[in-house]
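# An overview of the molecular structure
These are the residues of each chain, in order.
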Amino acid sequence: MLLGFSTGAIFRKTPSISREIIDICREIGCNVIELSAKTDEEINLLGDLIESGEKLDDFEYVSLHTPGNGFMFRKDAKHRDALRKFQRAYDHFGCKHLVVHPSEIEDWKVFDEFSFDLAVENMSEDNPSPFYLPEQLQGIFEKNKDFKMTFDVKHAFESNGERKNLPEELCEAFKEKIVEIHLSGYNPQVTKHEHRPLVETLQDEIIDFVKDKQHLPIIIESDCESAGQMKAEYEYVKNILEN
């Protein structure tokens, strides 16, 4: 089983790009990790993490997630500079994929100058520029044959109001593209975007959905309160996957 966390799991208490959060992931037992650099400050911290001598060779799978909060990638000096920093970290830490939100890309050609293996994430229905249905994502993959996909199961489950089989539809449409899975829970009564711990929401159906996909890296994206809750979340997910 390839199971681990996004380093943004307890960003309110522990920096998402730091040796501290990486060590917490190790102590929990993760063999997968996704470095989450969601702000300009966190992008700059990637360089500090490299200079600290940190290596991630003990993880079986490492990926890197770009910003997803209004950071609109285009071909200009600012975004080329950010991508150069990502490229340095991507190479140093042996990342397999750079995860991007399609709603945050104004010009896909900005990636042409770099050697990332891009993984495009399916978004949720509440995104201002929704890319949550197969037909909305299809055009991206048709134009960019080498792109892969990060399948966010929670996004699919919370966006299936009119398409009850949306998770299955996405898996079937992009089964040859999916290279990693994002996992978390949500509160159906809350309209704001969130990633709740599954140990709280008890949405076992989300975990059950990926039981037959354990050949893929599974990255828990739950927004946890503490390292202790991260551990509880990890054990909860792991136990359901194993049984």
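Check the entry above for the structure.
As the structure is a computational prediction, the values presented were derived from the model and not from experiment. (Residues numbered from 1 in each chain as written. Predicted model: local features only at pLDDT ≥ 70, side-chain atom pairs only at ≥ 80, totals over all residues. Heavy atoms only, no water.)

### Details of the overall build of the protein chain
Counting its regular elements, the protein chain contains nine helices and eight strands. Relative to the globule expectation of 18 Å for 243 residues, the C-alpha radius of gyration of the protein chain, 17 Å, shows essentially globular dimensions. Seen along its three principal axes, the alpha-carbon backbone of the protein chain occupies a region of about 45 × 40 × 30 Å. Carbon and sulfur atoms provide 46% of the accessible area of the protein chain, an area that totals close to 10,800 Å². Here the protein chain contributes 29 positively and 48 negatively charged side chains, and the mean placements of these two sets differ by 3 Å. (Helix = DSSP H or I, 4+ residues; strand = E, 2+ residues; numbered from the N terminus. Rg over C-alpha atoms; globule rule 2.2 N^0.38 Å. Areas by Shrake-Rupley, 256 points an atom, 1.4 Å probe, with all protein chains shown as cover. Lys, Arg positive; Asp, Glu negative; His and termini not counted. Charge placed at Lys NZ, Arg CZ, Asp CG, Glu CD.)

### Quick look at the side chain of His195
Tracing the sequence through the fold places His195 in the loop between strand E7 (178–183) and helix H7 (198–201). Polar contacts involving the side chain of His195 include one to the side chain of Ser184, which spans 2.8 Å. Apart from the residues within four sequence positions on either side, His195 is in contact with Asp152, Lys154, His155, Ser184, Gly185, Glu221, Ser222 and Asp223. (Polar contact = N/O pair within 3.5 Å; in protein donor to acceptor, adjacent residues only side chain to side chain. Contact = heavy atoms within 4.5 Å.)

### Here's the deal with the nonpolar core
Note on soluble globular proteins: their nonpolar side chains tend to be buried together. With 75 residues, the main nonpolar core has Phe5, Phe111, Leu183 and Met230 as its most contacted residues. Residues within four places of Phe5 in sequence aside, it is in contact with Cys25, Ile28, Cys30, Val32, Ile33, Glu34, Ile219, Ile220, Cys224, Met230, Glu233 and Tyr234. (Core = buried A, V, L, I, M, F, W, Y, C linked by side-chain atoms within 4.5 Å. Buried < 20%, exposed > 50% of the residue type's maximum accessible area, 1.4 Å probe, protein only.)

### A closer look at the pairing of strand E4 (residues 97–100)
Regular strands show a simple pattern: their side chains alternate between the two faces of the sheet. Because side chains alternate across E4, one face comprises the buried residues His97 and Val99, and the other comprises Leu98 and Val100, equally buried. With three bridges connecting them, E4 and strand E5 (residues 118–121) associate as parallel partners. Directly across from Val100, in E5, lies its bridge partner Val120. (Pairing = 2+ DSSP bridges.)

### A word on the layout of surface pockets
Here the largest pocket defines a volume of roughly 790 Å³. Phe11, Lys38, Asn69, His193 and His195 are, among the 31 residues lining the largest pocket, the residues nearest its centre. (1 Å grid on protein atoms, 1.4 Å probe; cavity = no way out; pocket = protein on both sides within 12 Å on 5 of 7 lines; lining within 4 Å. Points joined across faces, edges and corners; volume = space filled by probe spheres on them.)

### Side note on the sheet that holds strand E3 (residues 61–65)
If you walk around this closed barrel you meet the eight strands as E1-E2-E3-E4-E5-E6-E7-E8, and the pairing is parallel. Neighbour-to-neighbour, the strand axes of the sheet open up by a mean angle of 30°, direction not taken into account. In this sheet, strand E2 (residues 32–36) lies alongside strand E1 (residues 3–6) in parallel orientation, the contact comprising three bridges. Within E2, the position partnered with Gly4 by the bridge is Val32. (Axes fitted to C-alpha atoms, helices over the stretch in contact; angles between N-to-C directions.)

### Focus on the state of the cysteines
By the definition in use, this model includes zero disulfides. Cysteine Cys25 remains unbridged, with the sulfur of Cys30 as its closest cysteine sulfur at 4.6 Å. By relative accessible area, Cys25 is classed as buried at 0%. Here Cys95 stays unpaired: no disulfide links it, and the sulfur of Cys25, its closest cysteine neighbor, is 14 Å away. Classification of Cys95 by relative accessible area gives buried; the value is 8%. (Disulfide = S-S within 2.5 Å.)

### Digging into the environment of Gly94
Here Gly94 shows up in the loop between helix H3 (77–92) and E4. In this structure, the C-alpha to C-alpha distance between Gly94 and Gly8, residues 86 residues apart in sequence, is 19 Å.

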